[in-house]
Amino acid sequence: MTSKQKKSKATWSDVKSKLADVDRVGLIGLIQDLYAANKDNQTFLHARFGLGEDILKPYKDTISRWICPDVMRNQPISVAKAKKAITDYKKAVGQPEGLAELSIFYCEEVFVFLGYCGMDDEGYFDALVRMFEQALKYVIALPEAKRPPFIDRLEQVALQGPNVGWGVGDDMEILLAEYGIDD
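The rules behind each value
Residues numbered from 1 in each chain as written. Predicted model: local features only at pLDDT ≥ 70, side-chain atom pairs only at ≥ 80, totals over all residues. Heavy atoms only, no water. Core = buried A, V, L, I, M, F, W, Y, C linked by side-chain atoms within 4.5 Å. Buried < 20%, exposed > 50% of the residue type's maximum accessible area, 1.4 Å probe, protein only. Helix = DSSP H or I, 4+ residues; strand = E, 2+ residues; numbered from the N terminus. Contact = heavy atoms within 4.5 Å. Patch = residues over 30% accessible without salt bridge, like charges linked within 9 Å, V, L, I, M, F, W, Y side chains within 5 Å. Areas by Shrake-Rupley, 256 points an atom, 1.4 Å probe, with all protein chains shown as cover. Salt bridge = Lys/Arg side-chain N within 4 Å of Asp/Glu carboxyl O. Lys, Arg positive; Asp, Glu negative; His and termini not counted. Charge placed at Lys NZ, Arg CZ, Asp CG, Glu CD. Arc of directions from axis to C-beta.

## Some remarks on the nonpolar core
For step 1, the next point in the chain: Ranked by internal contacts, the top residues of the largest apolar core, which has 49 residues, are Ile63, Ile67, Tyr106, Leu114, Tyr124, Phe132 and Met172.
For step 2, the next point in the chain: Only helix H5 (57–67), helix H6 (79–92), helix H7 (96–116), helix H8 (122–141), helix H9 (148–160) and helix H10 (168–178) provide two or more residues apiece to this core.
For step 3, the next point in the chain: Setting aside chain neighbours within four positions, we find Tyr106 in contact with Ile63, Ile67, Val79, Ala82, Lys83, Ile86, Ala127, Leu128 and Met131.

Here it is in C-alpha cells:
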C-alpha cells in the first residue's frame, strides 16, 4: 500500500468498484447480511420495496419516541433523531405523500407531548415551526386533489400553536398565509 492509500478513507466509489466484482448470489448474501445487522437497514429495505402493511409505521414510531418521549421512563427528547426518521424515509422511498404525512405527524406529536408535559425550550419550538413549514412545502407539492386532508390536519396543528407561546401560533398563521391556506 502506498502512503496515499493508507491516509485516504474509503468512499462510495471504492465500494462501488468492489461491488462490480460480486455476482448476484454474493450481492443477495451481502444484502441479507446488512438486513440482519441493523433494524434501520430492515426498515429501509421494507420501505424501499413496499413490504408490510404500513411502511410509515417504523418512521412514525421513531418520531414519537424522540419528539414525544415517555417522561415517566426518563426518555430524552431528540429533535435531531425525530427529524432523521423523515430523512431516512426520504432516502428509502421519498414519496411526497409519505413525506407530508411524516412531517405533519411530527407536528401533531409535539402537541401530544405538550398536552401532558410542559416545555420551555426555544429550540424545540423553533424546530416545530420549521417542520410545520416543511410540511406545508410537501403538501403544496402534492396534486391539488390530495391536499385537503393534509391541509385540514395542518390547520388543526396551527390552532394549537397559540397555546404554547414562543410566537409559535403567530409563526404558523404567517406560514399558512404565505402558502395560501386560509385558516
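From this point, the discussion proceeds with the structure in view.
## Focus on a negative patch on the surface
For step 1, the next point in the chain: A cluster of like negative charges, contributed by Asp120, Asp121, Glu122, Asp126, Asp170, Asp171 and Glu173, occupies part of the molecular surface.
For step 2, the next point in the chain: When residues of the negative patch are traced back to their parent elements, those giving at least two are H8 and H10.
For step 3, the next point in the chain: Ranked by residue count, the leading element in the negative patch is H10, at three residues.
For step 4, the next point in the chain: By the secondary structure assignment, Glu122 is in helix H8.

## Remarks on H10
For step 1, the next point in the chain: For H10, the full list of buried residues reads Val168, Gly169, Met172, Leu175 and Leu176. The buried residues of H10 occupy an angular sector of 125° when projected down its axis, which confines them to one face. Facing away from the buried side of H10 by more than 90 degrees, the exposed set consists of Asp170, Ala177 and Glu178.
For step 2, the next point in the chain: Buried residues along H10 sit against H7, H8 and H9.
For step 3, the next point in the chain: Positive backbone phi, approximately 75°, marks Gly180, located one or two places after H10.

Keep in mind that these numbers describe shape and distance, not what the molecule does.
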